[in-house]
Amino acid sequence: MLNLDWLGAFVVFSEHLNFTRAARALHVSQPALHAQIGKLGEALGVTLYQRRGQRLELTADGKRVAAFGREVGERTRSFLDVLRHGESREPVVLCAGEGSYLYLLGEGIRAFTARAVAPLRLLTRDREATLDAVVAGEAHLGVAPLEGAPDGLAADRLTEVEQVLVVPEAHPLARKRRVHLRDLEAARLVVPGPGRPHRAALAQALLSAGVRWEPAVEANGWELMLHFVRLGVGVAVVNACCRLPRGLVARPLPELPRKVFYVVHRRGVDLQGGPAALRDALLAHGAAWQRKHARGAPAAPDVTPSAPARRR
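Below is a short write-up of the structure. The shown structure was predicted, so the numbers you read here are calculated from the model rather than taken from an experiment.

### Some words on the packing of helix 2 (residues 19-26) against helix 3 (residues 30-44)
Angle between the axes and distance between the axes are the two parameters that describe a pair of packed helices.
Phase 1: Relative to each other, helix 2 and helix 3 sit at 100°, their axes nearing to 9 Å. By the angle between their axes, helix 2 is roughly perpendicular relative to helix 3. Residues Phe-19, Thr-20, Ala-22, Ala-23 and Leu-26 of helix 2 touch helix 3, and the partners they reach there are Gln-30, Leu-33, His-34 and Ile-37.
Phase 2: Here the contact of helix 2 with helix 3 is composed, by residue class, of six nonpolar, three polar and no charged.

In structure tokens form, the structure reads like this:
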């Protein structure tokens, strides 16, 4: 039989990846915790963690065991809540990026919280960290732009968003109905920092088109990028769902692919209760957003900072 105390201890260890801190959180000695995790690995017949230089990291099996342990703990707490109080008090955990929360998920989250199905806890992380949180069982659901469903995750299509170039109203490119990559020759671009997916994809597209460019400033997050465009530092490629500050306009970039956002959860987990209700709320409002911003639909002028990115 699987020892649930060992399993619970391993979940705490997986969150710290440090025996001293995990033992302190569990109020046990470090040797005792080391022994518990060792016995768990022996009982399961797998290696749960490994050392990489000065740090510890979970193996693939360790990640699966940690996710299972979180699921067991959650289901136990939920069962006890129902037994004692007649309803579960376990929060539903959603993980997504800042842009998704700002521009795509607001109505779905508002609809879910209005129904008071369950408490809601939100994690803000980038795409890779969002997927890791769902795989590890830290979040029930994640929202991220994907090219396909990663291993171990099931994905439901939320919506798709085109990419646009944002420039000041007085910029020469503002006079175009749409912009081509060649129009960005020698452009100074506001881009995310090195290694960020958006910057990598944009740099590859410009390289393939033979377009030379230079970074005007590195800024992470759509809001900060748009702020720098408004200051006249450079121009930026952003998702069309972004709200533009006054004085800026957005022009479609048809050569860049649309970004498709998905709601993901761990494969093999049957979503029920609060997680299922949240997924349904997000998908319903994602479909409504898609219909409202369908390709070719006329866009209203930007007259307030809360208006979506314009197309002319």
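### Remarks on the packing of aromatic side chains
Phase 1: Under the definition given, this model contains four aromatic pairs.
Phase 2: Chaining the aromatic ring pairs together yields one cluster made of Phe-10, Phe-13, Phe-19 and Tyr-49.

### Concerning the sheet that holds strand 10 (residues 236-239)
Phase 1: Judged by pairing direction, the sheet is antiparallel, and its three strands sit side by side in the order 10-7-11 without closing on themselves. Each edge of the sheet is formed by a strand with only one pairing partner; in this case those strands are strand 10 and strand 11 (248-252). Taken pair by pair, the neighbouring strands of this sheet meet at an average axis angle of 40°, ignoring direction.
Phase 2: Bridge count between strand 7 (residues 163-168) and strand 10: four bridges; the pairing is antiparallel. The partner of Val-166 across the bridge, within strand 10, is Ala-236.

### Thoughts on the environment of Pro-119
Phase 1: With respect to the helices and strands, the residue Pro-119 is situated in the loop between helix 6 (106-115) and strand 4 (120-124).
Phase 2: Taking C-alpha positions, Pro-119 is 4.5 Å from Pro-91, a pair spaced 28 residues apart along the chain.
Phase 3: Apart from residues lying up to four places away in sequence, Pro-119 is in contact with Arg-89, Glu-90, Pro-91 and Val-92.

### Considerations on the nonpolar core
Phase 1: Core analysis: the largest hydrophobic core is formed by 40 residues, its most contacted members being Leu-94, Leu-105, Val-143, Val-166, Val-238 and Leu-282.
Phase 2: The greatest single-element share of this core, amounting to six residues, is contributed by helix 10 (residues 273-292).
Phase 3: Every residue in contact with Leu-105, bar those within four places of it in the chain, is listed here: Leu-94, Ala-96, Ser-100, Val-143, Leu-158 and Leu-282.
Phase 4: Formed by 19 residues, the second largest nonpolar core is a distinct cluster that contains Leu-165, Leu-173, Val-191 and Leu-202.

### What about the packing of helix 6 against helix 10?
Phase 1: Running from N to C, helix 6 and helix 10 cross one another at 140°; their axes reach a closest spacing of 8 Å. In terms of axis orientation, helix 6 runs oblique to helix 10. Between helix 6 and helix 10 the crossing geometry is right-handed. On helix 10, the residues touching Glu-107, Gly-108, Ile-109, Ala-111, Phe-112 and Arg-115 of helix 6 are Gly-274, Ala-277, Leu-278, Ala-281, Leu-282 and His-285.
Phase 2: For the contact of helix 6 with helix 10, a count of residues per class yields seven nonpolar, three polar and two charged.

Rules used throughout
- Position labels on residues start from 1 in each chain and follow its written sequence.
- Where local features are concerned, this predicted model is filtered to residues with pLDDT of at least 70; where side-chain atom pairs are given and counted, the filter is 80 or more; whole-chain, interface and lining totals use all residues.
- For the side-chain quantities, the full set of heavy atoms in the structure was used; hydrogens and water were omitted.
- Helix axes use the C-alpha atoms of the stretch in contact, all axes being lines fitted to C-alpha atoms, and the angles between their N-to-C directions lie in the range 0 to 180 degrees.
- Secondary structure elements follow DSSP: runs of H or I of four or more residues count as helices, runs of E of two or more count as strands, with numbering from the N terminus.
- Note on angle classes: values under 35 degrees are labelled roughly parallel, values over 145 roughly antiparallel, values of 65 to 115 roughly perpendicular, and the remainder oblique.
- Contacts were defined at the residue level, with two residues in contact if any of their heavy atoms lie within 4.5 Å.
- Side-chain classes follow a simple rule in which Ala, Val, Leu, Ile, Met, Phe, Trp, Tyr, Cys and Pro form the nonpolar group, Asp, Glu, Lys and Arg form the charged group, and the remainder, Gly included, forms the polar group.
- Between the rings of Phe, Tyr and Trp (Trp by its six-membered ring), a pair exists once the centres lie within 6.5 Å; its type follows the angle of the planes, with under 30 degrees stacked, over 60 edge-to-face, and the other angles tilted.
- In short, DSSP must find at least two bridges between two strands for them to pair.
- For this analysis, a nonpolar core means a set of buried residues of the types Ala, Val, Leu, Ile, Met, Phe, Trp, Tyr and Cys, connected via side-chain atoms within 4.5 Å.
- Residue exposure (1.4 Å probe, protein chains only): buried if accessible area is under 20% of the type maximum, exposed if over 50%, otherwise partly exposed.
- Crossing handedness is defined as follows: a turn of the near helix away from the far one that is anticlockwise and smaller than a right angle gives a left-handed crossing, while the clockwise case is right-handed.

What is shown is where atoms sit, not what they do.
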